[in-house]
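The lines below spell out each chain.
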Amino acid sequence: MKVQPRDPGGFAPELNELLARRAQRIREKPAEAEDENLLWVAEFPVGEETYALPLDTLRAAVPLKMVTPVPLSPPHVIGILRFQGQIVTALSLASLLGGRGWREDPAVLLVVDPGFGRLVALDCERIPKPSGLPHAQVAEARALSTGATCEITLAGARQVSLLDLLRLMDRRQGQEKR
Amino acid sequence: MMDPLLEQLLAGFVDEAQEIYERVARSMMELEKAPAQGASFDELARGLHTLKGSAATLGLEALADFAHRMEDVVLPLRGSSKPLPARLSDAVLKSLDVWMAHLRATAAKGPLPDLAPSVALLETVKPDAPVPAAGKSRRKKNGKGPTAAETLAASVARAPEPEPAVAPTPAPVPAPAEDAQADSWRVTTRQVIALLHEVERLREVRLRLEERRRDIDKALQQLDRLGIQAETAEARSVLLGIRRALGADGEEAADIVASMEDGLKSISTMPMRTVIEPLRRAVRDICKATGKQAKLAVVGAEVSLDRRVLEQLRGPLVHLVRNAVDHGLELPEVREARGKHPEGALAIRVEQQGNMLFIEVSDDGAGLDLEQIREAALRRALVPPEELANMSTQQLHQLIFRPGFSTKAEATEYSGRGVGLDVVRNQIQALQGQVEVQSVAGQSARFVLTLPADLGSSPVLVVRCGEHQLGLPMVAVESSRGARSKDLRVGRARVQIEHREQLIPVQDLGALVGLRQPEVPAEGQPLLILQSQGRTMALSVDEVLGDRELVIRPLPVEIRELAAYQGAATLARGELVLILRPDFIVGAERRADTGLTSTRRALVVDDSLTARALHRTALETGGYLVHTASNARQAIEQLRHSAYDVMVCDIGMDEMDGYELTAAVRQRAETDSMPILLVSARDSENDRQRGLAVGADGFLTKKDCVSGRLLSEVGSVIARRKGAA
């Protein structure tokens, strides 16, 4: 019996588009993937800038749907959602970063593990793409940075801001206390 | 080095001894008030004997000998018609504490407490020999002399006060935190918790099956309404079959969930009794120290709770019970003068409703003294005098939870240090629970702890407010009714409604949770009559969606501090619904009195959740009170009821875009001059011109929406409108 692929027309158009883009990203995985001198990150835009977070902190990229807004919550809280049976808070990355502008309304939530034993979700405008950042440059940039991001300049003067999730969350807590 | 086998046996003996210790202590306290005979005395004697025998079996000679000495003190009094002398029971109880501490230290290989002072203490109360009758004969009315036990009891009671060098008595021994059975598996708490979460998920799936069955019912009803019986017969038959199968599956799933929950409960929980029983000793000790009399009644001690929660509850309960005796109950003579029984009544009632646990600690003492609370608050500068003068009774009651609060001028062993109820509240809040206090001056005080329990589900009434669904615990919903204008009393500051011949306040749910300006209920609008913290109020909602059985879970840490919510639950289709706290709602009126009101109001209309969050961030930074709408229809509804200083509106929205909304807003006299700023993801001159043409005052791309830019642009459009006016 020949196994038929599942009919892609069965999904909503935006979901099809999302899946196609995901597949494309995976196909585009760079050739230097095996290079151990690289820190693998998920790279995505926020407004005019490019941000990245270490791939090992990324648990999932899910469509920004089924989020329940939380009235009376701090403005950087988009809402809550269920993820693998847990209730997870969705946070606005642009708001956490201090009110950046944005090009497209975020359509994706990145479920991340900042390292304090629970998950949070951060919004972003597009599905992140995997890329590698040289470990040496990352170490140097981290040593210089005291904030929630560190700036890394890549070939062609391309700037990537690598997020330090723990510091980002600390900053948010600091803002709340104030 | 201890023999490994002995080590295992010892661990098991610690648990066994703890249970015996509790039984012996309870019997001792009973025999302080009743003749030294009967079942209580048997229990006491049996307990001491078992402690002695088991200790000897394990080679713990010192403990066996010590238990023997306690027996020597107690057993000669068997059969006395009098209660155990207070000094004797004090000495034995203190010795029991030391005995238990010694056993625990032995098991933990820690430093051993010295037994000698306690042995000396026991010697002072030991009735070595019958005391000869002094002076006149002490014959009973029946002509018989006192029994040997009574003579001994009398000798102990008359003996001089002992003055041995007694080591500090350890606190009553708490129950062991963990089991250490030799024949058990070692399973980590984490593994059990993971399993608990899986059962919770399974329960949710079970509840969703029930929802699916209701959906099929609805579909069948719709088919019935269509009236095409013949054409839909086959479809109806299929649906009926699915409905039946879902029902059977649901029942089977319910059985599995119940069975798994029972199994997990037996692993992960212990009865409340383990925390409550030692409180009897605490009550007894503090009564002795303060000269008061109290009887502790317990209801629901068999309710089982997560072991971790139990550990956390121990401190708060001890505190509440101590407070009840020390602060609440009056001295016996005062109680009698007030027409009360000299012995005060303390009660602990434990009840689990769904996955909520209620623990009530009450006493029939003097209640909270408002005057004393005011004085203490002033003395300790907790509240400015002018604020204190305007505080309601409820607000004054809340002061007792402030850090540093105490009505006692001088600290005693039990209270007055200003460390207490704030700690209780913090510990309960750390368990995602809350504490309420109710008091009737001169009559009673009642503290109610509400905590989420890991297993079970709770009945929740789901309501709609704008586009939001919110849940209310059914336990707080007294009834529901439609608003009738003839029953409403609309004043300048508040709205009330006549309900059962009383005027009660009416609050708009949308306004309470910051979604809109307060609205007076329209004719027929649903009103829920809520009761919490002894207050009744009416809550107006847009629609009542129905009651559900839901598993309420705590909110994530990021938003757990929000006072409005008890938690969240999953609805049938997987979406989350926030569950409101009844005390937050009934407390709304008080907050409104003291709350700050923003002078500038902005309405943000955007179909993107994140865009609304970002606009809100920027505008709130600029001091605006922000309401949001996710579509044009909702925005028009908001504008119909409330006035705004500015509207920030996205262009690309479904159904009715930003241009159409702007045009519609301009057509209404009430909003024809309201400043409007259009926001778009696209930076196009055409869009800009089109926006201005339909009446917008400004245009901004989303990439330019950095805080300062949005705020300055909003400021500009407001200024331009004012200038034009």
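The structure displayed is predicted, hence computed values, not measured ones.

The rules we used
Residues numbered from 1 in each chain as written. Chains lettered and ligands numbered in written order. Predicted model: local features only at pLDDT ≥ 70, side-chain atom pairs only at ≥ 80, totals over all residues. Heavy atoms only, no water. Helix = DSSP H or I, 4+ residues; strand = E, 2+ residues; numbered from the N terminus. Buried < 20%, exposed > 50% of the residue type's maximum accessible area, 1.4 Å probe, protein only. Contact = heavy atoms within 4.5 Å. Areas by Shrake-Rupley, 256 points an atom, 1.4 Å probe, with all protein chains shown as cover. Pairing = 2+ DSSP bridges. Axes fitted to C-alpha atoms, helices over the stretch in contact; angles between N-to-C directions. Buried area = accessible area lost by both parts, 1.4 Å probe. Salt bridge = Lys/Arg side-chain N within 4 Å of Asp/Glu carboxyl O. Polar contact = N/O pair within 3.5 Å; in protein donor to acceptor, adjacent residues only side chain to side chain. Nonpolar A, V, L, I, M, F, W, Y, C, P; charged D, E, K, R; others polar. Patch = residues over 30% accessible without salt bridge, like charges linked within 9 Å, V, L, I, M, F, W, Y side chains within 5 Å. Lys, Arg positive; Asp, Glu negative; His and termini not counted. Charge placed at Lys NZ, Arg CZ, Asp CG, Glu CD. Expected span 1.5 Å × (residues − 1).

Caption draft 1: Layout of the overall build of chain B. Helices and strands together make up the secondary structure of chain B, namely 23 helices and 23 strands. Taking all 725 residues of chain B together, the buried fraction comes to 48%. Within chain B, contacts between residues separated by at least 24 positions form 68% of all contacts whose residues are at least 6 apart in sequence. Looking at chain B as shown, the accessible area adds up to about 34,400 Å², and 52% of this sits on carbon and sulfur atoms.

Caption draft 2: Inspection of the sheet that holds strand S16 (residues 543-550) of chain B at higher detail. Residues and elements named next belong to chain B. Across the sheet, which stays open at both edges, the five strands sit in the order S16-S8-S9-S18-S17 with mixed pairing between neighbours. Here the strands that pair on one side only, and so sit at the sheet edges, are S16 and strand S17 (565-570). Going across the sheet, the axis of each strand differs from the next one's by a mean of 35°, ignoring polarity. Of the strand pairs in this sheet, strand S8 (residues 458-465) and S16 are connected by seven bridges, and their pairing is antiparallel. Looking at S16, one finds that Val 462 is bridged to Gly 546. Its contacts with the sheet place helix H7 (residues 189-226) against S16 and S17, and it is angled at close to 135° to S16.

Caption draft 3: Seen up close, the interface of chain A and chain B. Counting residues at the interface gives 40 residues for chain A and 45 residues for chain B. Surface buried jointly by chain A and chain B totals about 3,400 Å² across both partners, of which 64% is contributed by carbon and sulfur atoms. Viewed at the interface, chain B and chain A are joined by zero salt bridges. Across the contact surface, chain A and chain B share six residue pairs in polar contact (both at pLDDT 80 or more). Listed by contribution, the elements that provide at least two residues to the side of chain A that touches chain B are strand S4 (77-83), strand S5 (86-91), helix H2 (93-96), strand S7 (120-124) and helix H4 (165-177) of chain A. Here the side of chain A that touches chain B takes five residues from S4(A), the largest share from any one element. Taken together, the residues that form the side of chain A that touches chain B break down as 19 nonpolar, 12 polar and nine charged.

Caption draft 4: Layout of the pattern of salt bridges. All names here are of chain B. Taken as a whole, this structure holds 43 salt bridges over all chains when the rule is applied. With a shortest N-O distance of 2.8 Å, Arg 78 and Asp 42 are connected by a salt bridge. Residue Arg 78 is found in the loop between helix H3 (61-74) and helix H4 (86-108), and its partner Asp 42 is found in helix H2 (residues 38-57); the two are separated by 36 residues along the sequence. When its relative accessible area of 33% is taken as the criterion, Asp 42 is described as partly exposed. The partner of Glu 498 in a salt bridge is Arg 489, and the shortest N-O contact between them spans 2.6 Å. Judged by its relative accessible area of 34%, Glu 498 is partly exposed. A residue is classified by how much of its surface remains accessible, and Arg 489, at 33% relative accessible area, is partly exposed.

Caption draft 5: Structural context of the sheet that holds S7(A). Residue and element names in this part refer to chain A. A sheet is described by the order of its strands in space; here five strands give the open sequence S3-S6-S7-S5-S4, paired in mixed fashion. Looking along the sheet, the strands with just one partner apiece sit at the ends: strand S3 (58-63) and S4. Averaged over neighbouring strand pairs, the angle between their axes works out to 30° when direction is ignored. Strand direction decides the pairing type here: S5 and S7, joined by three bridges, are parallel. By the bridge assignment, Thr 89 is partnered in S7 with Val 120.

Caption draft 6: Geometry of a nonpolar patch on the surface. Residue and element names in this part refer to chain B. On the surface, a nonpolar cluster with roughly 280 Å² of combined accessible area is contributed by Leu 202, Val 205, Ile 256 and Met 260. Going through the elements one at a time, H7 and helix H8 (233-268) are the ones with two or more residues in the nonpolar patch. Residue position: Met 260 is located in helix H8.

Caption draft 7: Region of interest: a negative patch on the surface. All names here are of chain B. A grouping of Asp 249, Glu 251, Glu 252 and Asp 255 is seen on the molecular surface, where their side chains present a negatively charged patch. Looking at where Glu 251 falls in the secondary structure, it is placed in helix H8. Here Glu 251 falls in the exposed class, since its relative accessible area comes to 57%.

Caption draft 8: How the structure looks around H4(B). Residue and element names in this part refer to chain B. Compared with an ideal rise of 1.5 Å per residue, which puts 23 residues at 33 Å, H4 spans 33 Å between its outermost C-alpha atoms and is within 8% of the ideal. Buried residues dominate H4, accounting for 17 of its 23 residues. Of the residues one or two after H4, Lys 109 is the one with positive phi, at around 55°.

Caption draft 9: Layout of the side chain of B:Asp697. Residue and element names in this part refer to chain B. Within the element layout of this structure, Asp 697 appears in the loop between helix H22 (685-694) and strand S23 (698-701). Asp 697 sits in the buried class, given a relative accessible area of 14%. Here the side chain of Asp 697 touches Ile 676 through a polar contact of 2.7 Å, landing on its backbone nitrogen. Reaching out from Asp 697, the side chain makes a polar contact with the side chain of Arg 721 at a distance of 2.8 Å.

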